[in-house]
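# Commentary on secondary and tertiary structure
Each chain, written out:
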Amino acid sequence: SDLLGSSFVGLDSISQGLVLLRCHQSTEEPIMAVFSSSAAARNAIDHFVFLGGKALSERIHFIPPLEFDFHRSLLPNLEVLSERNIALFHAINDCKKRVFVTTIRAVLQKGLLPERFLSAVHTFQPNQEVNRDTLVLNLIEAGYQRQPTAFDPGTFSVRGGVIDILDRKSTRLNSSHLVISYA
């Protein structure tokens, strides 16, 4: 398509969203758009979803630069890390007809090899047997913080035979946390 390889220079954020939408409509291939700032990238994403409809929000992913939250002992910001990992997971596993939006800073950051990234992904099924100590170690390695009670996103707690895991994008209020019980 003549839109592929387009430049966003000089376009307002609505036009940038429209160019992304037209590119998305014209190809089955993944699209990567690089912006000068996170704010510009997020504006283009918002306009893409507004112009294309809410259903397209599942097809566009922001790959943010890794930022560090100095109030959490120099660990990467958990929300940013989660958003980045979700986008990278889709880029590696199911990139067809997806749009990936990022910044120059994020592109220049060192990343993991796809094989290493995928080896850190753990999928659990109902009634699957999982070693409790291994699960706790995997959660810590994935950046989750162990707390007496899991109330904040990106935390987990071990209470006897129960492990509460609060996803990085959830809160206790919306009840989208995972509880694992050990007999």
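Heads up: these notes are all about the structure in this document. As the structure is a prediction and not an experimental result, all values here were calculated from the model.

Here is what the cut-offs are and how they apply
Residues numbered from 1 in each chain as written. Predicted model: local features only at pLDDT ≥ 70, side-chain atom pairs only at ≥ 80, totals over all residues. Heavy atoms only, no water. Helix = DSSP H or I, 4+ residues; strand = E, 2+ residues; numbered from the N terminus. Contact = heavy atoms within 4.5 Å. Salt bridge = Lys/Arg side-chain N within 4 Å of Asp/Glu carboxyl O. Buried < 20%, exposed > 50% of the residue type's maximum accessible area, 1.4 Å probe, protein only.

## Some details on the side chain of Thr-102
- Along the chain, Thr-102 turns up in strand S3 (residues 99-103).
- Not counting residues within four places of it along the chain, the set of residues in contact with Thr-102 comprises Met-32, Ala-33, Val-34, Phe-35, Ala-41, Phe-62, Ile-63 and Val-107.

## Describing the pattern of salt bridges
- Counted according to the given criterion, the structure contains 3 salt bridges.
- In this structure, Glu-83 and Arg-42 form a salt bridge, with 2.7 Å as the shortest nitrogen-oxygen distance. A residue pair is termed long-range when its members are at least 10 positions apart, and Glu-83 in helix H3 (residues 78-93) and Arg-42 in helix H2 (residues 38-52) qualify at 41 residues.
- The buried category is assigned to Glu-83, whose relative accessible area is 17%.
- Here Arg-42 falls in the partly exposed class, since its relative accessible area comes to 36%.
- Between Arg-159 and Asp-164 there is a salt bridge whose closest N-O contact spans 2.7 Å.

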